[in-house]
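Spelled out from the first residue to the last, the chains are:
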Amino acid sequence: MKNNISFDFQNDISYGQHAEEKLDLYIPKNVKQNQEVFIIIHGGGWRAGNKSDLTFFTRNLMEKFPNSVFANIEYRLASKDRFAIPNQTEDIHNAMEFLEKELKYKSQFILLGNSAGGHLSMLYAYQFNKNKTIKAVVNIVGPADLSDKSFKTYTDYSFVENHLIDPKIINNHLPKEKFVSPIYWINETSSPTLSFYGTQDHVVPISQMKILDSTLNQYKVNHQSYEFNGDHMGWMREPNDQFLIQKIVDFMKEVNNKKAH
């Protein structure tokens, strides 16, 4: 952290009843109430990964958003015996509820995630954001349409088919892959969305960006999408990491300006 930027930091706070529901919380010192809250959601194919994967990126973001709260969360990982959805979307909800109690004000949230975390950020914002507290979504290499043929070449696609979502929660006889695809839930009131996809990503192909853009355009949702030169993890490496952070700064300025008018 730069000397003039100062946060109170708490590590591994429990935000729910499950052992995995933990978060790292960074609250700016000497800042007025009601600042926006970034919720950082790690990737790992819904069944791996750790909040520590995004600590460095979060700290870089904090330098650009010194007046924002940051919560870097863990969530219940999926396994052959435990579905990802609804547990992981419930965990996002639980984290938001916990943070509102902790901060003691009605928060505006920005969901930021990579890979599975990007998918969860979009899915939660588009499907579950009933009270419109999600100010924006930052989606980094997250799958937006799980029925896309080019995504089905993903090496772990059988896991997606069999363990991503509990079939008991699906209504309207929708196919599983549709119910769990963020693009299915987009409408005119969906949160502004900023996305990044890699030109050499063999896990979440660049075709996902075109599908997501097309649906957001259809419903006239404020959004921007960018390609970076690299693979699925290439966004974390220089110079892509600084490119992403600058685009996040620019996008949030635009979102805040639109809200102000």
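Now for a quick tour of the structure. (Residues numbered from 1 in each chain as written. Predicted model: local features only at pLDDT ≥ 70, side-chain atom pairs only at ≥ 80, totals over all residues. Heavy atoms only, no water.)

Attention now goes to helix H6 (residues 207-218). The end-to-end C-alpha distance of H6 is 17 Å, a good match for the 16 Å that twelve residues give at a rise of 1.5 Å each. Summarising the contacts, the buried residues of H6 are in contact with helix H3 (116-128), strand S6 (134-140), strand S7 (193-198) and strand S8 (223-228). Trailing H6 by a residue or two, lysine 220 shows a phi angle of about 55°, which is positive. (Helix = DSSP H or I, 4+ residues; strand = E, 2+ residues; numbered from the N terminus. Expected span 1.5 Å × (residues − 1). Contact = heavy atoms within 4.5 Å.)

Below, the discussion takes up the pattern of salt bridges. Within the structure shown, the criterion is met by twelve salt bridges. The residue glutamate 20 makes a salt bridge to arginine 82 at a minimum N-O spacing of 2.5 Å. Here glutamate 20 is found in the loop between strand S1 (7-14) and strand S2 (22-28), whereas its partner arginine 82 is found in the loop between strand S4 (69-73) and helix H2 (87-103), with 62 residues between them in sequence. Between aspartate 231 and arginine 237 there is a salt bridge whose closest N-O contact spans 2.7 Å. Overall, aspartate 231 belongs to the partly exposed group, its relative accessible area being 33%. We classify arginine 237 as partly exposed; its relative accessible area is 44%. Within the structure, one salt-bridge network assembled from shared partners comprises Asp12, Asp24 and Lys51. (Salt bridge = Lys/Arg side-chain N within 4 Å of Asp/Glu carboxyl O. Buried < 20%, exposed > 50% of the residue type's maximum accessible area, 1.4 Å probe, protein only.)

Turning to the side chain of lysine 51, a few remarks are in order. In this fold, lysine 51 is placed in the loop between strand S3 (37-41) and helix H1 (55-64). We classify lysine 51 as buried; its relative accessible area is 6%. A polar side-chain atom of lysine 51 sits 2.7 Å from a polar atom in the side chain of aspartate 12. In terms of polar contacts, lysine 51 uses its side chain to reach the side chain of aspartate 24, at 2.9 Å. Apart from the residues lying within four places of it in its own chain, the contact partners of lysine 51 are Asn11, Asp12, Lys22, Leu23, Asp24, His42, Asn72, Ile73 and Glu74. (Polar contact = N/O pair within 3.5 Å; in protein donor to acceptor, adjacent residues only side chain to side chain.)

The next subject is the nonpolar core. Of all hydrophobic cores here, the largest spans 55 residues; its most connected members are Leu23, Ile39, Trp46, Ile73, Leu99 and Leu212. Judged by nonpolar contacts, the second largest core, of 27 residues, contains Tyr26, Phe65, Leu194 and Val249. (Core = buried A, V, L, I, M, F, W, Y, C linked by side-chain atoms within 4.5 Å.)

So, on to unusual backbone geometry. Cis geometry is found at the peptide bond from isoleucine 85 to proline 86, where omega equals 15°. Within the secondary structure, proline 86 sits in the loop between S4 and H2. Cis geometry marks the peptide bond from glutamate 238 to proline 239, where omega comes out at -5°. Summarising the element assignment, proline 239 is placed in the loop between S8 and helix H7 (240-260). One non-glycine residue, lysine 104, lies in positive phi territory at about 65°. Mapped onto the elements, lysine 104 comes out in the loop between H2 and strand S5 (109-114).

Backbone hydrogen bonds are what pair the strands of a sheet, in a parallel or an antiparallel way. What the eight strands build is an open sheet, ordered S1-S2-S4-S3-S5-S6-S7-S8; its pairing is mixed. Whereas interior strands pair on both sides, the edge strands pair on one side only; in this sheet they are S1 and S8. For this sheet, the mean inter-axis angle between neighbouring strands, taken without regard to orientation, is 15°. Sheet strands touched by H1: S1, S2, S3, S4, S5 and S6. Its angle to S4, the strand with the most contacts, is close to 170°. Each of S1, S2, S3, S4, S5 and S6 touches H2; the most contacted strand, S2, lies at about 40° to it. (Pairing = 2+ DSSP bridges. Axes fitted to C-alpha atoms, helices over the stretch in contact; angles between N-to-C directions.)

Before going further, it helps to spend a moment on the packing of aromatic side chains. Across all of its chains, the model carries twelve aromatic pairs by this definition. Geometrically, the ring pair formed by tyrosine 184 and tryptophan 185 is edge-to-face, given 5.1 Å between the ring centres and 85° between the ring planes. Ring-pair connections join several aromatic residues into one group, and the members of that group are Phe7, Phe38, Phe65 and Phe70. Over the face of the ring belonging to phenylalanine 9 we find arginine 59, whose NZ or CZ atom lies 5.6 Å from the ring centre. (Phe/Tyr/Trp six-rings, centres within 6.5 Å; stacked < 30°, edge-to-face > 60°. Lys NZ or Arg CZ within 6 Å of the ring centre and 35° of its normal.)

Counting buried residues in S5 gives six out of six residues, a clear majority hidden from the surface. The alternating pattern of S5 places Phe109, Leu111 and Gly113 on one face and Ile110, Leu112 and Asn114 on the opposite face, and all of these are buried. In terms of strand pairing, S3 meets S5 through five bridges, oriented parallel. When the bridges of S5 are listed, isoleucine 39 appears paired with leucine 111. In terms of strand pairing, S5 meets S6 through six bridges, oriented parallel. Looking at the pairing, leucine 112 lines up with valine 138 of S6. Note on the crossover from S5 through H3 to S6: the handedness is right-handed. (Right-handed = clockwise from strand over helix to strand, strands pointing away.)

Everything listed here is a matter of geometry and, on its own, says nothing about what the molecule does.
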